[in-house]
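Understanding the architecture of this molecule
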Amino acid sequence: MAVRFPLQALALAISTSFLLTACSDENKTAQPDAPEQAATAPSESAEKPTTDSTVSPEAVVSHYADLAHATFEDALITAKALDAATDALIENPTAENLAAAKQAWLAARVPYQQSEVFRFGNAVIDDWEGQLNAWPLDEGLIDYVKAEGYQHALGNDGANANIIANTELNIGGETMDLSTLTPDLLASLNEVGGSEANVATGYHAIEFLLWGQDMHGFAAGAGERPASDYAKGDDCTNGHCDRRAAYLDAVTDLLVTDLQWMVDQWSADTEGNYRAELVSIEPQAAYQKMLFGMGSLSLGELAGERMKVALEANSYEDEHDCFSDNTHNSHYYNGKGIQNVYTGTYLRVDGTELTGASLSDLVANNDAQLDQKLTAELDSTMAALGEMKTRAEASENPVKFDMMIAPDNAEGAKVINDAIAALVEQTGSIEKVAAIVGVDSLQPDDAGHSF
């Protein structure tokens, strides 16, 4: 799960320079198609650049920073498009504009999920990311929920606070003024009352504001929030449409601000930022960050927290993008991010490809067999995640992640278990690579899971 940052402090820093969700049972509607970019052929593996026998350690570290900068820059570009699409929805709340905002959210997830490989090992990201991608969340903190089947964190006083419907919030004897919904106010409400399930900002808060609760359990479909939830006057449904619009406006503005801050941290043109610190350390220390990120996302986070937990508990409450049923894409692009770092490649949202000196180059120069093994395992993992993606996006009878984890879906369980096994296998080779490049005792985070 997401490691949380003291979010109020983060909001202040940026302005001046997350248990269970309720995705409960009822009947579903069709989902918008995944964006073109999100429909990359699952079987397509990353083409490995020609090995340069003279690759320098400094070039590998510098290119890693270039990859991070490009990935976060794409996350920012797509977040700005999402912000514009939600502004259009607020101005003219039609079904068409709601669909366009959903498409923009789906497109924004593609680069952001690829950025998560940089999170582990780089504290500047791990300390920051909770404000953008914390999950699971008790969505009753934000807006109306249907009480039947709404599961939330036990003892969470904020689970039904409904910020949108109320201008004051009292938790733990403290009364907070919610009359004006600003980015800073929303950021201050993350983990309010001490509960990690109180997530007020980020991608998943925006996802809930666009889709609403997924009331269908293991059946086909996702959230069905109507565009009229943002309508004006008598056309407003479920009340407080003006405050709902203000919340959506503030939370998308905050997402853009947060991502801009992280882009600046990786810019080669900014003195004294995180990139400058990273490229100045010993190469082996940088390799440790790179490989720890790859291994920890592979093992503890993706294989463990995001797949194993949901499958073993048969819990659609624990799927990553539960309101939109986009979980298959989140998993796929997490895997792609891991592959990107090893091969030194990244396909940008504008279609251009970034390539350069890579860990693969270094390993190939010292142990060509190990390089070939890990490269093949990364391809196998992408094929396994691609199978999940293909089934979820099938034109006939698609099977989303929340359907795959149903207690009686042996076929779906196999798809998920195959992906878990591939991730576990590649982690073993990542640890061997660490030894080859001079990193002692990598020990990627397994998040307490046994595989």
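About the criteria used
In every chain, residue numbers begin from 1 and rise along the written sequence. Only residues with pLDDT of at least 70 are given local features in this predicted model, and only at 80 or more are side-chain atom pairs given and counted; all residues enter the totals for whole chains, interfaces and linings. Here the side-chain values reflect all heavy atoms present in the structure, with hydrogen atoms and water set aside. Secondary structure elements are defined from DSSP: runs of H or I of at least 4 residues count as helices, runs of E of at least 2 residues count as strands, and each element is numbered from the N terminus. Burial here depends on accessible area, computed with a 1.4 Å probe over protein chains only, as a share of the maximum for the residue type. Under 20% is buried, over 50% is exposed, and the range in between is partly exposed. We call a set of buried residues a nonpolar core when its members are Ala, Val, Leu, Ile, Met, Phe, Trp, Tyr or Cys and they connect through side-chain atoms within 4.5 Å of each other. What makes two residues a contact is simply this: any of their non-hydrogen atoms within 4.5 Å. Every angle, taken between N-to-C directions, lies between 0 and 180 degrees, and every axis is a line fitted to C-alpha atoms, over only the stretch in contact when it is a helix. An angle below 35 degrees is read as roughly parallel, one above 145 as roughly antiparallel, one from 65 to 115 as roughly perpendicular, and any other as oblique. When residues are grouped by polarity, Ala, Val, Leu, Ile, Met, Phe, Trp, Tyr, Cys and Pro land in nonpolar, Asp, Glu, Lys and Arg in charged, and all others, Gly among them, in polar. By definition, any crossing whose near helix is turned counterclockwise from its far helix by less than a right angle is left-handed, and any crossing with a clockwise turn is right-handed. A carboxyl oxygen of Asp or Glu within 4 Å of a side-chain nitrogen of Lys or Arg is what we treat as a salt bridge. Aromatic pairing here means that ring centres of Phe, Tyr or Trp (its six-membered ring) are within 6.5 Å. Orientation follows from the plane angle: under 30 degrees is stacked, over 60 is edge-to-face, and everything else is tilted.

A separate point is the overall build of the chain. A tally of regular secondary structure across the chain gives 15 helices and four strands. Across the 451 residues that make up the chain, the buried fraction comes to 58%.

This part is about the nonpolar core. With 123 residues, the main nonpolar core has Leu210, Tyr247, Leu259, Trp266 and Met307 as its most contacted residues. Of the residues forming this core, the biggest block, 15 residues, is contributed by helix α2 (residues 57-91). Once residues lying within four places of it in the same chain are set aside, the contact partners of Tyr247 are Ile142, Ile163, Ile164, Leu181, Leu186, Ala200 and Leu209.

Moving on to the packing of helix α11 (residues 327-343) against helix α12 (residues 359-366). In the contact formed by α11 and α12, the axes pass within 5 Å of each other and the chain directions differ by 55°. On the basis of their axis angle, the class for α11 and α12 is oblique. Only Leu359, Ser360 and Val363 of α12 make contact with α11, whose side of the interface consists of Val341, Tyr342 and Thr343. Residues belonging to the contact of α11 with α12 are distributed by class as follows: four nonpolar, two polar and no charged.

Our next topic: the packing of α2 against helix α10 (residues 283-312). Contact pair α2 / α10: the axes reach a minimum separation of 10 Å and the direction vectors enclose 40°. Classified by the interaxial angle, the pair formed by α2 and α10 is oblique. Of the two possible hands of crossing, α2 and α10 adopt the one that is left-handed. On α10, the residues touching Pro57, Glu58, Val60, Val61 and Tyr64 of α2 are Pro283, Ala286, Tyr287, Lys289 and Met290. A class-by-class count of the residues in the contact of α2 with α10 yields eight nonpolar, no polar and two charged.

Counted under the stated rule, the structure contains 17 salt bridges. For Asp74, the salt bridge identified is with Arg348, shortest N-O distance 2.7 Å. Remark: Arg348 occurs in the loop between β3 (345-347) and β4 (353-355) and Asp74 occurs in helix α2; sequence separation between them is 274 residues. Between Asp321 and Arg109 there is a salt bridge, with the nearest N and O atoms lying 3.1 Å from each other. Of this pair, Asp321 sits in the loop between α10 and α11 while Arg109 is found in helix α3 (residues 95-115), placing the two residues 212 residues apart along the sequence. For Asp321, a relative accessible area of 0% corresponds to the buried category.

For the rest of this paragraph, the subject is helix α7 (residues 203-211). Most of α7 sits inside the fold, with nine of its nine residues counted as buried. Within α7, the full set of buried residues consists of Tyr203, His204, Ala205, Ile206, Glu207, Phe208, Leu209, Leu210 and Trp211. On its buried face, α7 sits against α2, α3, α5 (130-133) and α8 (241-265). With its phi angle positive at about 80°, Gly212 sits one or two positions after the end of α7.

By the definition in use, this model includes 11 aromatic pairs. Relative to Tyr203, the ring of Tyr112 lies with its centre 4.7 Å away and its plane at 40°, an arrangement referred to as tilted. With a gap of 91 residues between them, Tyr112 in helix α3 and Tyr203 in helix α7 connect regions that are remote in the sequence. Pairwise contacts between aromatic rings join Tyr64, Phe72, Phe118, Trp128, Trp266 and Tyr274 into one cluster.

All we've got here are geometric facts, nothing functional implied.
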